[in-house]
Amino acid sequence: GQQVMQIPQYQHVQEGEDFTTYCNSSTTLSNIQWYKQRPGGHPVFLIQLVKSGEVKKQKRLTFQFGEAKKNSSLHITATQTTDVGTYFCAVGQGAQKLVFGQGTRLTINP
Amino acid sequence: GAGVSQSPSNKVTEKGKDVELRCDPISGHTALYWYRQSLGQGLEFLIYFQGNSAPDKSGLPSDRFSAERTGGSVSTLTIQRTQQEDSAVYLCASRAAGQETQYFGPGTRLLVL
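Values in this document were obtained by computation on a predicted structure and should not be read as measured data.

Novice: Account for the interface of chain A and chain B, naming residues and giving values.
Specialist: Each partner contributes residues to the interface: chain A has 18 residues there, and chain B has 21 residues. Put simply, chain A and chain B have zero salt bridges between them. For the pair chain A and chain B, the interface holds five residue pairs in polar contact (both at pLDDT 80 or more). Of all elements in the fold, only β4 (32-37), β5 (44-49) and β10 (97-100) of chain A reach the threshold of two or more residues within the side of chain A that touches chain B. Classifying every residue of the side of chain A that touches chain B gives seven nonpolar, nine polar and two charged.

In structure tokens, the structure reads:
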């Protein structure tokens, strides 16, 4: 079945530094979604990317979908303590079933 | 309600007991999913319901796990003869027809002693 590898597994940064997490697939993806899970919370949808080379921004967050639609990244500029959490990518498998990456846990030193 | 709700929020049980976890999806959402998340881990797909179609049970880890969705709305995940390795957060999500986004509930934290 569809698998997606997400790196890094953990990332610790100083507040104000940038952060990036990557998702990679060996097969072409129809779309990719990103979710954020705060500590003790549940995953919350952030965005969906569909088009090759697509770039979307949400304030300090920039999401990219690769030209070959096999990889994606989430970049946070100038992290803030509210950015703490685990970021998951998710790709569709079969009829509307999502396969989640293992997630990147972001911690921030204020 | 406005979002997906799950009950109980926490459940402590003894090894060998059966447990039932409940999910109330967003009203009108046709698709419902169950996931399991062990401490510090990713989301493990368990089962998926879509309308009146037969559920996709491909993620259920053993025959001790089963789920129902009655009337196309509320769903119950049942774990029989619980084991300590069943301890995890069980998350439910729902999705509207024609949409890709899944909306997650707060989860049920299950601890098997």
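Novice: So what's going on with the sheet that holds strand β1 (residues 5-7) of chain B? Which residues, and what values?
Specialist: All names here are of chain B. The sheet built from four strands is open, its strands ordered β1-β3-β7-β6 with antiparallel pairing. Each having just a single partner strand, β1 and β6 (65-69) make up the two edges of the open sheet. For this sheet, the mean inter-axis angle between neighbouring strands, taken without regard to orientation, is 15 degrees.

Rules and cut-offs
Residues numbered from 1 in each chain as written. Chains lettered and ligands numbered in written order. Predicted model: local features only at pLDDT ≥ 70, side-chain atom pairs only at ≥ 80, totals over all residues. Heavy atoms only, no water. Contact = heavy atoms within 4.5 Å. Salt bridge = Lys/Arg side-chain N within 4 Å of Asp/Glu carboxyl O. Polar contact = N/O pair within 3.5 Å; in protein donor to acceptor, adjacent residues only side chain to side chain. Helix = DSSP H or I, 4+ residues; strand = E, 2+ residues; numbered from the N terminus. Nonpolar A, V, L, I, M, F, W, Y, C, P; charged D, E, K, R; others polar. Pairing = 2+ DSSP bridges. Axes fitted to C-alpha atoms, helices over the stretch in contact; angles between N-to-C directions.

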